[in-house]
Amino acid sequence: MRKLFKRVATVAATVGIMAAMTVSAFADEDSTYSFVGNPYLFGSDNFDDNSTLGWCPTSEEQIMTAVDGMEGVYSYTGNAVKSSADALAESDGTEQEIADSKGQKADHTLTFKILKDATDFAWNYQMQIGNPDAAWGDNKTQFRATSLEAGEYTVYVNPSTGYVCMIQNGKNVDIASRFNSRDEDSWNYVDTTEAAFKGDGYDDIGNFTDDAYLEFINSCLENEGAEPIEYVKGNEGKGSGDDASTTDSSSSSKKSSSSKKSEEKESSNATVIIIVVVVVAIIAACAVVLGKKKK
């Protein structure tokens with residue numbers, strides 16, 4: 001019986017340790033994030049040059065780097081060989097005509113995606129705007145830079161919120177978004193706003209809010225030493241005084257972020273507590289059995 005007790009206790013302890021390790025593994029700090037898209041964004045004037053750059057998920061040159069002083073934010077600095085206007089003109093049609101073609105006509109516009117661990121998993125983990133990286137998957141948001149000029153730019157992303165922006169010459173670059181990029185979903189690229197997403201048929205837009213997105217963009221502008229903006233394209237009528245001030249938005253966002261971290265911590269602590277209770281219960285049960293055996 002003593003041997004049985006020791007074996008049960010050993011198994012219980014092992015299970016507890018493995019479960020605790022699993023909880024810790026949820027926070028994957030070794031993930032990489034890649035910026036992939038039209039080769040024009042990567043210094044190539046060959047639209048079909050995707051073997052080693054552009055729409056090439058395995059390109060290590062397109063892996064983003066952590067931004068000093070901005071926790072959880074990554075960036076990539078590139079050099080566009082064509083402006084958004086020139087790339088659009090090259091597509092031989094309006095944006096709506098490009099959308100209606102459903103891929104049958106080459107879309108030369110400056111489109112891109114953000115991928116997680118792409119060198120290992122290719123297209124499996126694409127960023128969904130407004131959602132944490134735990135919710136990423138295939139055929140998620142595809143973005144289009146609509147006011148980029150030829151020349152150097154920097155793209156920023158926060159994987160924990162699913163927000164992305166482009167900064168060029170101290171100014172925010174307008175970005176249109178195709179919320180989901182499956183063939184059966186809308187092919188429209190709309191303004192990156194709550195109203196535009198819902199107007200395109202997406203009632204559930206996750207955690208995306210105009211205020212939080214604006215705050216992210218302004219934090220990136222601040223990092224570049226640039227002036228903040230009051231709204232993104234599509235929200236011209238929604239100034240800082242309409243729904244909430246930028247300050248209030250910042251405070252709300254920080255509280256939300258703090259709340260999420262607190263919830264995650266509580267969840268992990270609760271899991272560990274449950275594991276400990278189960279182990280103790282097993283040991284106690286074995287002790288009772290052993291006591292009865294002695295009597």
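Higher on the page you've got the structure.
Definitions and limits used
Residues numbered from 1 in each chain as written. Predicted model: local features only at pLDDT ≥ 70, side-chain atom pairs only at ≥ 80, totals over all residues. Heavy atoms only, no water. Core = buried A, V, L, I, M, F, W, Y, C linked by side-chain atoms within 4.5 Å. Buried < 20%, exposed > 50% of the residue type's maximum accessible area, 1.4 Å probe, protein only. Helix = DSSP H or I, 4+ residues; strand = E, 2+ residues; numbered from the N terminus. Phe/Tyr/Trp six-rings, centres within 6.5 Å; stacked < 30°, edge-to-face > 60°. Salt bridge = Lys/Arg side-chain N within 4 Å of Asp/Glu carboxyl O. Pairing = 2+ DSSP bridges. Contact = heavy atoms within 4.5 Å. Expected span 1.5 Å × (residues − 1).

Draft legend 1. Local environment of the nonpolar core. One finds F35, L41, L148, Y156 and M166 to be the most contacted residues of the largest nonpolar core, which totals 48 residues. Elements with a contribution of two residues or more to this core: β1 (33-37), β3 (74-80), β4 (111-116), β5 (142-145), β6 (151-158), β7 (163-168), α5 (194-199) and α6 (210-223). Considering each element in turn, this core owes the most residues, six residues, to α6.

Draft legend 2. Broad picture of the packing of aromatic side chains. Taken as a whole, this structure holds 18 aromatic pairs when the rule is applied. For the pair F197 and F208, a centre-to-centre distance of 5.3 Å together with 75° between the ring planes defines the contact as edge-to-face. Placement of the pair is F197 in helix α5 and F208 in the loop between α5 and α6, with a sequence separation of 11 residues. The class of F197 is buried, set by a relative accessible area of 1%.

Draft legend 3. Expanded view of the pattern of salt bridges. Counting across every chain of the model gives six salt bridges. Note that R182 and D185 form a salt bridge whose closest N and O atoms lie 2.6 Å from each other. Relative accessible area serves as the criterion here: at 34%, R182 is assigned to the partly exposed category. Owing to a relative accessible area of 13%, D185 belongs among the buried residues under this scheme. Sharing partners across several salt bridges, the network here consists of R182, E184 and D185.

Draft legend 4. Focus on the sheet that holds β7. If you walk across this open sheet you meet the five strands as β2-β3-β6-β7-β8, and the pairing is antiparallel. Unpaired on one side and paired on the other, β2 (65-66) and β8 (171-173) mark the two borders of the sheet. Summarising the sheet, β2 and β3 pair through two bridges and their orientation is antiparallel. From the neighbouring strand, T65 faces β3, where its bridge partner is S75.

Draft legend 5. Region of interest: the environment of M127. The residue M127 is located in the loop between α4 (118-121) and β5 in this model. Note on M127: relative accessible area 0%, which makes it buried. For the pair M127 and Y33, spaced 94 residues apart in the sequence, the C-alpha separation amounts to 9.5 Å. Ignoring sequence-local partners within four residues, the contact set of M127 consists of I114, W136, K140, T141, F143, V157, G162, Y163 and V164.

Draft legend 6. Focus on the sheet that holds β1. Pairing is antiparallel in the open sheet, where five strands are placed in the order β1-β4-β5-β9-β10. Two strands close off the open sheet at either side, each with one partner strand: β1 and β10 (190-191).

Draft legend 7. Fine view of the pairing of β7. Counting buried positions over the six residues of β7 gives six, a clear majority of the element. Residues Y163, C165 and I167 line one face of β7 and the alternating positions V164, M166 and Q168 line the opposite face, and both faces are buried. What sits between the antiparallel neighbours β6 and β7 is a turn of four residues, in which G162 has the positive phi angle 75°. Examined bridge by bridge, β7 and β8 share three bridges and lie antiparallel to one another. Opposite I167, over in β8, you have N172 as the bridge partner. Taken together, β7 and the strand that follows it, β8, pair antiparallel across an intervening segment of two residues, in which N169 is found at a positive phi of about 55°.

Draft legend 8. Structural context of the environment of E71. Inspection of the secondary structure assignment puts E71 in the loop between β2 and β3. Residue class for E71 comes out exposed when judged on its relative accessible area of 69%. For the pair formed by E71 and N158, sequence separation is 87 residues and the distance between their alpha carbons is 8.8 Å.

Draft legend 9. Just α6, in detail. Between its terminal C-alpha atoms α6 stretches 20 Å, which fits the 20 Å expected from 14 residues at 1.5 Å a residue. Counting buried positions along α6 yields 10 of 14 residues, so the element is predominantly enclosed. Within α6, the full set of buried residues consists of D210, A212, Y213, L214, E215, F216, I217, N218, C220 and L221. Two residues or fewer past α6, G225 is found with a positive phi of approximately 75°.

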